[in-house]
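Chain residues, written in single-letter form:
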Amino acid sequence: PAHCSTVLVVAPSKAPRKLYREETMSRDRLALEGPEGTLEAVLEGETDNPAMIAIVCHPHPQFGGTMDNKVVTTLIRAARDAGAAALRFNFRGVGNSQGAYSDGIGEVEDLIAVHHWLTKQYPDRPLWLAGFSFGSFVAARGAEVLAANGQAPKALMLVAPPVHHYGFEEIESV
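About the cut-offs
Residues numbered from 1 in each chain as written. Predicted model: local features only at pLDDT ≥ 70, side-chain atom pairs only at ≥ 80, totals over all residues. Heavy atoms only, no water. Phe/Tyr/Trp six-rings, centres within 6.5 Å; stacked < 30°, edge-to-face > 60°. Helix = DSSP H or I, 4+ residues; strand = E, 2+ residues; numbered from the N terminus. Buried < 20%, exposed > 50% of the residue type's maximum accessible area, 1.4 Å probe, protein only. Core = buried A, V, L, I, M, F, W, Y, C linked by side-chain atoms within 4.5 Å. Contact = heavy atoms within 4.5 Å. Pairing = 2+ DSSP bridges. Axes fitted to C-alpha atoms, helices over the stretch in contact; angles between N-to-C directions. Right-handed = clockwise from strand over helix to strand, strands pointing away.

It is worth spelling out the packing of aromatic side chains at this point. If you walk through the whole model with that rule in mind, you get three aromatic pairs. On the basis of an interplanar angle of 90 degrees and a centroid distance of 5.8 Å, the ring pair of Phe 91 and Phe 134 is categorised as edge-to-face. Separated by 43 residues along the polypeptide, Phe 91 in the loop between β4 (84–89) and α2 (105–121) and Phe 134 in helix α3 (residues 134–148) bring together distant segments of the chain. Accessibility classification places Phe 91 together with Phe 134 in one group, the buried group.

Below you can see the structure in the form of C-alpha coordinates.
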(Lines give C-alpha, C1' and ligand atoms only; values in the text may rest on other atoms or scores of the structure.)
Protein backbone atom coordinates (compact mmCIF):
# COMPACT_ATOMS: atom_id res chain seq x y z
CA PRO A 1 0.00 0.00 0.00
CA ALA A 2 1.13 3.49 -0.86
CA HIS A 3 0.86 5.01 2.63
CA CYS A 4 2.41 2.14 4.58
CA SER A 5 6.12 1.59 4.98
CA THR A 6 6.28 -1.57 7.10
CA VAL A 7 5.29 -5.13 6.34
CA LEU A 8 4.95 -7.57 9.23
CA VAL A 9 5.25 -11.28 8.57
CA VAL A 10 3.92 -13.48 11.34
CA ALA A 11 5.38 -16.97 11.35
CA PRO A 12 5.52 -19.54 14.12
CA SER A 13 8.86 -20.19 15.74
CA LYS A 14 10.10 -22.46 18.48
CA ALA A 15 11.52 -19.64 20.58
CA PRO A 16 9.82 -16.29 20.03
CA ARG A 17 11.91 -13.27 20.84
CA LYS A 18 10.49 -10.95 23.44
CA LEU A 19 11.24 -7.38 22.43
CA TYR A 20 9.31 -5.75 25.26
CA ARG A 21 10.11 -5.18 28.90
CA GLU A 22 8.09 -7.61 31.01
CA GLU A 23 7.75 -5.20 33.94
CA THR A 24 5.76 -2.70 31.86
CA MET A 25 3.53 -5.28 30.18
CA SER A 26 -0.13 -5.19 30.98
CA ARG A 27 -3.48 -6.59 29.86
CA ASP A 28 -6.53 -4.51 30.60
CA ARG A 29 -10.17 -5.13 29.73
CA LEU A 30 -11.79 -1.87 28.66
CA ALA A 31 -15.21 -0.45 27.93
CA LEU A 32 -14.66 2.30 25.35
CA GLU A 33 -17.20 4.80 24.09
CA GLY A 34 -18.22 3.95 20.53
CA PRO A 35 -20.63 5.49 18.05
CA GLU A 36 -23.47 3.15 19.11
CA GLY A 37 -22.58 2.71 22.77
CA THR A 38 -19.88 0.83 24.66
CA LEU A 39 -17.22 -1.16 22.79
CA GLU A 40 -15.58 -4.06 24.62
CA ALA A 41 -11.79 -4.04 24.19
CA VAL A 42 -8.54 -5.49 25.51
CA LEU A 43 -5.34 -3.44 25.62
CA GLU A 44 -2.12 -5.30 26.17
CA GLY A 45 1.58 -4.90 25.72
CA GLU A 46 4.00 -2.11 26.43
CA THR A 47 2.02 0.55 28.27
CA ASP A 48 4.64 2.90 29.73
CA ASN A 49 6.38 3.95 26.54
CA PRO A 50 5.27 1.88 23.55
CA ALA A 51 7.22 2.07 20.30
CA MET A 52 3.92 2.06 18.41
CA ILE A 53 0.22 1.43 18.79
CA ALA A 54 -1.59 -1.45 17.12
CA ILE A 55 -5.24 -2.22 16.48
CA VAL A 56 -6.48 -5.58 15.20
CA CYS A 57 -9.98 -6.10 13.74
CA HIS A 58 -11.74 -9.47 14.00
CA PRO A 59 -13.60 -11.68 11.46
CA HIS A 60 -17.25 -11.36 10.50
CA PRO A 61 -19.50 -10.98 13.53
CA GLN A 62 -22.40 -12.80 11.90
CA PHE A 63 -20.23 -15.89 11.48
CA GLY A 64 -18.84 -16.06 15.00
CA GLY A 65 -15.98 -13.57 14.67
CA THR A 66 -14.79 -11.97 17.90
CA MET A 67 -11.72 -10.25 19.30
CA ASP A 68 -10.77 -13.60 20.88
CA ASN A 69 -10.25 -15.26 17.48
CA LYS A 70 -6.96 -17.18 17.30
CA VAL A 71 -5.61 -15.21 14.32
CA VAL A 72 -6.53 -11.91 15.99
CA THR A 73 -4.77 -12.87 19.22
CA THR A 74 -1.72 -14.04 17.23
CA LEU A 75 -1.50 -10.66 15.49
CA ILE A 76 -1.90 -8.90 18.84
CA ARG A 77 0.88 -11.04 20.33
CA ALA A 78 3.19 -10.17 17.40
CA ALA A 79 2.53 -6.45 17.85
CA ARG A 80 2.90 -6.70 21.62
CA ASP A 81 6.19 -8.58 21.26
CA ALA A 82 7.45 -5.82 18.96
CA GLY A 83 6.85 -3.25 21.71
CA ALA A 84 3.35 -2.00 20.87
CA ALA A 85 0.43 -1.01 23.00
CA ALA A 86 -1.86 -3.46 21.17
CA LEU A 87 -5.64 -3.22 21.21
CA ARG A 88 -8.29 -5.67 20.00
CA PHE A 89 -11.97 -4.94 20.30
CA ASN A 90 -15.38 -6.38 19.55
CA PHE A 91 -17.37 -4.63 16.86
CA ARG A 92 -20.85 -3.35 17.73
CA GLY A 93 -23.23 -6.15 18.68
CA VAL A 94 -20.46 -8.66 19.53
CA GLY A 95 -19.72 -9.82 23.08
CA ASN A 96 -20.29 -6.91 25.45
CA SER A 97 -20.18 -4.27 22.70
CA GLN A 98 -23.43 -2.41 22.21
CA GLY A 99 -25.18 -1.82 18.90
CA ALA A 100 -25.94 -4.06 15.93
CA TYR A 101 -24.05 -5.31 12.89
CA SER A 102 -23.81 -2.59 10.23
CA ASP A 103 -22.48 -4.29 7.06
CA GLY A 104 -18.95 -2.95 7.52
CA ILE A 105 -19.94 0.72 7.58
CA GLY A 106 -20.61 0.99 11.31
CA GLU A 107 -17.71 -1.31 12.07
CA VAL A 108 -15.35 1.19 10.39
CA GLU A 109 -16.89 3.84 12.66
CA ASP A 110 -16.10 1.57 15.63
CA LEU A 111 -12.49 1.28 14.45
CA ILE A 112 -12.16 5.06 14.10
CA ALA A 113 -13.56 5.53 17.64
CA VAL A 114 -11.09 2.99 19.04
CA HIS A 115 -8.24 4.67 17.15
CA HIS A 116 -9.28 8.05 18.55
CA TRP A 117 -9.17 6.68 22.11
CA LEU A 118 -5.83 4.93 21.61
CA THR A 119 -4.14 7.98 20.08
CA LYS A 120 -5.31 10.09 23.03
CA GLN A 121 -3.59 7.63 25.36
CA TYR A 122 -0.42 7.41 23.22
CA PRO A 123 -0.08 10.51 21.04
CA ASP A 124 2.50 10.67 18.26
CA ARG A 125 3.02 6.91 18.06
CA PRO A 126 3.02 5.16 14.69
CA LEU A 127 -0.02 2.97 14.03
CA TRP A 128 0.01 -0.67 12.98
CA LEU A 129 -3.45 -1.59 11.73
CA ALA A 130 -4.45 -5.17 11.01
CA GLY A 131 -7.48 -7.29 10.32
CA PHE A 132 -8.43 -10.87 9.61
CA SER A 133 -11.02 -11.76 6.95
CA PHE A 134 -13.95 -9.32 7.36
CA GLY A 135 -11.72 -7.43 9.79
CA SER A 136 -9.21 -6.87 6.98
CA PHE A 137 -11.91 -5.07 5.00
CA VAL A 138 -12.72 -2.91 8.02
CA ALA A 139 -8.99 -2.23 8.56
CA ALA A 140 -8.48 -1.28 4.88
CA ARG A 141 -11.51 1.04 4.91
CA GLY A 142 -10.36 2.49 8.22
CA ALA A 143 -6.86 3.05 6.83
CA GLU A 144 -8.43 4.96 3.93
CA VAL A 145 -10.42 7.18 6.32
CA LEU A 146 -7.40 7.75 8.56
CA ALA A 147 -5.15 8.56 5.55
CA ALA A 148 -7.71 11.07 4.27
CA ASN A 149 -7.44 12.78 7.67
CA GLY A 150 -3.64 12.84 7.77
CA GLN A 151 -3.33 9.83 10.10
CA ALA A 152 -2.28 7.05 7.72
CA PRO A 153 -1.09 3.87 9.44
CA LYS A 154 2.61 3.09 9.24
CA ALA A 155 1.74 -0.57 8.61
CA LEU A 156 -1.41 -2.22 7.29
CA MET A 157 -1.67 -6.00 7.64
CA LEU A 158 -4.56 -7.74 5.87
CA VAL A 159 -4.85 -11.45 6.63
CA ALA A 160 -7.12 -13.47 4.31
CA PRO A 161 -9.00 -10.46 2.91
CA PRO A 162 -12.38 -11.50 1.46
CA VAL A 163 -11.78 -9.72 -1.86
CA HIS A 164 -14.71 -11.42 -3.61
CA HIS A 165 -17.23 -10.38 -0.95
CA TYR A 166 -16.38 -6.73 -0.25
CA GLY A 167 -15.47 -3.70 -2.34
CA PHE A 168 -11.70 -3.69 -1.90
CA GLU A 169 -11.38 -2.29 -5.44
CA GLU A 170 -13.17 0.86 -4.26
CA ILE A 171 -10.49 1.55 -1.67
CA GLU A 172 -8.08 3.87 -3.41
CA SER A 173 -5.70 5.49 -0.96
CA VAL A 174 -4.14 2.58 0.92
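This part is about the nonpolar core. Ranked by size, the top nonpolar core spans 28 residues in total, and within it Ile 55, Leu 87, Phe 89 and Leu 129 carry the most contacts. Every element with two or more residues in this core is listed here: β2 (37–46), β3 (52–57), β4, α2, β5 (127–132) and α3. Counting residues per element, this core draws most heavily on α3, at seven residues. Excluding residues within four positions of it along the chain, Leu 87 makes contact with Leu 30, Leu 32, Ala 41, Val 42, Leu 43, Ala 54, Ile 55, Val 56, Ile 76, Val 114, Trp 117 and Leu 118.

Attention now goes to the sheet that holds β2. The pairing of strands in a sheet comes from backbone hydrogen bonds and takes either a parallel or an antiparallel form. In space, the six strands of this open sheet follow the order β1-β2-β4-β3-β5-β6, with mixed pairing throughout. The sheet is open, and its two edges are formed by β1 (25–34) and β6 (155–159), each paired on a single side. With strand direction ignored, the average angle separating the axes of adjacent strands in the sheet is 20 degrees. Of the strands in this sheet, β1, β2, β3, β4, β5 and β6 are in contact with helix α1 (residues 70–81), which crosses β4 at around 165 degrees. Taken strand by strand, α3 contacts β3, β5 and β6, and its axis lies near 150 degrees from that of β5.

Once that is clear, we can look at the pairing of β2. Among the ten residues of β2, nine are classified as buried, and the element is accordingly described as predominantly covered. With ten bridges connecting them, β1 and β2 associate as antiparallel partners. Counted as the bridge partner of Ser 26 is Gly 45 from β2. Linkage of β1 to β2, two consecutive antiparallel strands, is achieved through a turn of two residues.

Right, let's talk about the pairing of β5 for a bit. The buried fraction of β5 amounts to six of the six residues, a majority that puts the element mostly inside the structure. Both β3 and β5 contribute to a ladder of five bridges, which runs parallel. Bridging across to β5, Cys 57 finds its partner in Gly 131. Two strands pair when backbone bridges link them, and β5 and β6 are joined in this way by five bridges, in the parallel orientation. Residue pairing across strands places Phe 132 opposite Val 159, the latter belonging to β6. Remark: the β5/α3/β6 crossover connection has right-handed handedness.

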